[in-house]
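# Report on the structure
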Amino acid sequence: MPPVFRFAPSPNGYLHLGHAYSALLNFDLARQSGGRFLLRIEDIDPARCRAEFEMAIHEDLAWLGINWQQPVRRQSEHLADYGNALEQLSAEGLVYPSFESRAEVARLVAQREQSGPWPRDPDGAPLYPGTAKQLSAGERARLMESGAPYALRLDMAAAMARAGRVFWTEQGEGPAGETGRIEAHPGAWGDVILARKETPTSYHLSVVVDDALQEVTEVVRGQDLFHATSVHVLLQHLLGLPQPRYRHHRLIVDEAGYKLSKSTRATGLRELRAAGATPADIRSLLGLP
Ligand code: GLU
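Everything quoted here is computed from the prediction, not taken from an experiment.

Now for unusual backbone geometry. Of all residues except glycine, most have a negative phi; of all peptide bonds, most are trans. A cis amide bond links glutamine 70 with the next residue in sequence, proline 71, at an omega value of -5°. Its location among the elements puts proline 71 in strand S3 (residues 69–74). Not every positive phi belongs to a glycine, and glutamate 215 is a case in point at roughly 55°. Following the sequence through the fold, glutamate 215 ends up in the loop between helix H7 (203–213) and strand S9 (218–222).

Among the nonpolar cores identified, the biggest contains 40 residues, and Leu89, Leu154, Leu194, Leu205 and Leu238 are the most heavily contacted of them. Only helix H3 (79–91), strand S5 (151–154), helix H6 (156–163), strand S8 (193–196), H7 and helix H8 (228–239) provide two or more residues apiece to this core. With seven residues, the single largest contributor to this core is H8. In contact with leucine 205, other than residues within four places in its own chain, are Tyr82, Ala85, Leu86, Leu89, Leu194, Leu235 and Leu239. Judged by nonpolar contacts, the second largest core, of 30 residues, contains Phe5, Leu24, Phe37 and Leu260.

Take the environment of threonine 199 next. If you trace the backbone, threonine 199 turns up in the loop between S8 and H7. The class for threonine 199 is buried, based on a relative accessible area of 14%. Between the alpha carbons of threonine 199 and phenylalanine 27 there is a distance of 31 Å; along the sequence they are 172 residues apart.

Both the distance between ring centres and the angle between the ring planes are used here to describe each pair of aromatic rings. Within this structure, the stated rule accounts for five aromatic pairs. Between the aromatic rings of tyrosine 14 and phenylalanine 53, the centroid separation amounts to 4.9 Å while the plane-to-plane angle is 85°, which identifies the pairing as edge-to-face. Within this pair, whereas tyrosine 14 is found in the loop between strand S1 (4–7) and helix H1 (17–32), its partner phenylalanine 53 is found in helix H2 (residues 51–63), the two being separated by 39 residues in sequence. When its relative accessible area of 27% is taken as the criterion, tyrosine 14 is described as partly exposed. On the basis of relative accessible area, phenylalanine 53 is assigned to the buried category, the value being 9%. Judged by centre distance (5.8 Å) and plane angle (75°), the ring pair of phenylalanine 27 and phenylalanine 37 falls under edge-to-face. Of this pair, phenylalanine 27 sits in helix H1 while phenylalanine 37 sits in strand S2 (residues 36–41), and the two are ten residues apart along the sequence.

Before going further, it helps to examine H6. When H6 is considered as a whole, its buried residues turn out to be Met156, Ala159 and Ala163. The arc that holds every buried residue of H6, seen down its axis, measures 65°, which confines them to one face. The outward face of H6, more than 90 degrees from its buried face, is lined by the exposed residues Ala157 and Ala161. For H6, the elements touching its buried residues are S5 and H8. Two residues or fewer past H6, glycine 164 is found with a positive phi of approximately 70°.

Rules used in this analysis
- Residues numbered from 1 in each chain as written.
- Predicted model: local features only at pLDDT ≥ 70, side-chain atom pairs only at ≥ 80, totals over all residues.
- Heavy atoms only, no water.
- Helix = DSSP H or I, 4+ residues; strand = E, 2+ residues; numbered from the N terminus.
- Core = buried A, V, L, I, M, F, W, Y, C linked by side-chain atoms within 4.5 Å.
- Buried < 20%, exposed > 50% of the residue type's maximum accessible area, 1.4 Å probe, protein only.
- Contact = heavy atoms within 4.5 Å.
- Phe/Tyr/Trp six-rings, centres within 6.5 Å; stacked < 30°, edge-to-face > 60°.
- Arc of directions from axis to C-beta.

Just distances and angles here, no functional claims.
See the structure below:
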């Protein structure tokens, strides 16, 4: 079976050099290995995603000389698939609703911090204190019926107990040079959100479901997602999905050494193009042949 690669941007801004590196790397690896290259639009967040950005993704990738297999998978069109996966985890007793607003979670964390440091996830956000896990079934049902907003969380302790030790194959490198057979440490993320009342999925859930449904065998993406892979391989294990190989690549940083953001004008592909850069210039800027 030929390998299957994918580039999976979120249409919440214009593409910059960091995206170009990821997309070109995936495209080149697919070509060199006689594999397939897919484009997936990760547009589950209606508040941040725009049609204009999605059109620009197609345009900018085509300009770079990249082509992809049809159909393009748009996550917003497949919410039922993520709902089924969530259902499967719920049926195993691994999901619970939490009702605190972000401000309330911050207050609970501040309270905990009075008696010592409170753990933070690999992205630096404090872990959810797990308060809603203690709610009785009756209390949960009452809150759900009241129409209150909620987030559905993975009961991480239960999930890890169910899965046991989980590993993945890293063909690239993590931020600390991790490579080869890597043991997942999903506990570092705490009770992650799998879905919200208004968005019935999350990045973690949809990425895992889609990689499986699209039969992706190689996940090639930035090192900023290296630690999230722990959650992804845990979910694959719990859902009985096949595990792709992972290759986390270096991040393209700006002159000051910071990760590029979608608002960094100097490195936007549209700006570079308008300033006269050619696709060959972009490749050479990125150190790609
Ligand atoms: N949609 C994610 C992003 O734009 C990438 C997801 C992935 O490659 O797993 O950062």
